[in-house]
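Residues per chain are reported as follows:
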Amino acid sequence: GNSVTQMEGPVTLSEEAFLTINCTYTATGYPSLFWYVQYPGEGLQLLLKATKADDKGSNKGFEATYRKETTSFHLEKGSVQVSDSAVYFCALNSGGYQKVTFGTGTKLQVIP
Amino acid sequence: EAQVTQNPRYLITVTGKKLTVTCSQNMNHEYMSWYRQDPGLGLRQIYYSMNVEVTDKGDVPEGYKVSRKEKRNFPLILESPSPNQTSLYFCASRGTSGGGWAQYFGPGTRLTVL
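Residues numbered from 1 in each chain as written. Chains lettered and ligands numbered in written order. Predicted model: local features only at pLDDT ≥ 70, side-chain atom pairs only at ≥ 80, totals over all residues. Heavy atoms only, no water.

Comments concerning the overall build of chain B
(1) Moving on: Each helix and strand in chain B was counted, giving zero helices and 11 strands.
(2) Moving on: Its C-alpha radius of gyration of 14 Å places chain B within 12% of the 13 Å reference for a compact globule of 114 residues.
(3) Moving on: With the C-alpha coordinates aligned to their principal axes, the bounding extent of chain B is approximately 45 × 30 × 25 Å.
(4) Moving on: Burial statistics for chain B: of 114 residues in total, 51% are counted as buried. (Helix = DSSP H or I, 4+ residues; strand = E, 2+ residues; numbered from the N terminus. Rg over C-alpha atoms; globule rule 2.2 N^0.38 Å. Buried < 20%, exposed > 50% of the residue type's maximum accessible area, 1.4 Å probe, protein only.)

In structure tokens form, the structure reads like this:
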């Protein structure tokens, strides 16, 4: 079956530091890949997505590249802010199947 | 404003007392689903619905029921809640966005079963 593996958190960074959150996946077919963000006390929001190999999703300074050869979709940001503190979820949807598989989430804390 | 709403946001109940968590979306989406979020386990899908009167089990359906009588509503029913159903629940609907599709999540319902 499909699965998503994320690096364990929490990740603590100083403001303006470089962020990488690793995500690897196992899936049949050609999945679409997503990053969601969950701010404290809120539901999940779509951050970015990529639907085919070598696509790069980007939003709000965050980027992730769909790497089929390494089955990875790592999230990066060049300079984090305190407002980026949240839990980040990697997810995939494979083929026409309707279920989205989520990783366990990585908590990011950015300190001033 | 396009949104998914859930009620109640917080609920404390006792074992065996039937409860319903409502979910409503105003985006005319056909696909809706329910997830539970537990520490260390991420989000797991409970049930999903492709359209009115069409529902199917997700990964963890035991102890839950759903119905889809109208397109906008997708209530989650716990006929006889147990403590292991204490969790944070999210409803989501899915629609097109930027050439593809994306899920829109409600704000969550924190359920405690004593």
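Back to the text.
Focus: the state of the cysteines
Residues and elements named next belong to chain A.
(1) Moving on: Counting across every chain of the model gives two disulfides over all chains.
(2) Moving on: The disulfide partner of C23 is C90, and the gap between their sulfur atoms is 2.0 Å. Taking the sign of the S-S torsion, -70 degrees for the link of C23 and C90, the bridge is left-handed. Placement of the pair is C23 in strand β4 (residues 23-26) and C90 in strand β10 (residues 86-93), with a sequence separation of 67 residues.
(3) Moving on: Taking relative accessible area as the criterion, C90 reaches 1% and is therefore assigned buried. (Disulfide = S-S within 2.5 Å.)

Things to note about the sheet that holds strand β9 (residues 75-77) of chain A
Residue and element names in this part refer to chain A.
(1) Moving on: Read from one edge of the open sheet, four strands run β3-β9-β8-β7, paired in antiparallel fashion. Whereas interior strands pair on both sides, the edge strands pair on one side only; in this sheet they are β3 (19-21) and β7 (56-59). The sheet shows a mean angle of 15 degrees between the axes of neighbouring strands, direction not considered.
(2) Moving on: Bridging between strand β8 (residues 62-65) and β9 involves three bridges; their strand directions are antiparallel. Among the inter-strand pairings, F62 is bridged to a residue of β9, identified as K77. (Pairing = 2+ DSSP bridges. Axes fitted to C-alpha atoms, helices over the stretch in contact; angles between N-to-C directions.)

With respect to the interface of chain B and chain A
(1) Moving on: Of the residues lining the interface, 23 residues belong to chain B; the matching set on chain A comes to 18 residues.
(2) Moving on: Regarding the contact of chain B and chain A, the summed buried area is about 1600 Å², with carbon and sulfur atoms giving 54% of it.
(3) Moving on: Summed over the three residues of chain B that lose the most area to chain A, namely L43(B), W101(B) and F105(B), the buried surface amounts to 32% of that side.
(4) Moving on: For the pair chain B and chain A, the number of links is one residue pair in polar contact (both at pLDDT 80 or more).
(5) Moving on: Counting residues per element, the ones that place at least two in the side of chain B that touches chain A are β4 (31-38), β5 (42-51), β9 (87-97) and β10 (100-105) of chain B.
(6) Moving on: Its residues placed into classes, the side of chain B that touches chain A shows 12 nonpolar, eight polar and three charged. (Contact = heavy atoms within 4.5 Å. Buried area = accessible area lost by both parts, 1.4 Å probe. Polar contact = N/O pair within 3.5 Å; in protein donor to acceptor, adjacent residues only side chain to side chain. Nonpolar A, V, L, I, M, F, W, Y, C, P; charged D, E, K, R; others polar.)

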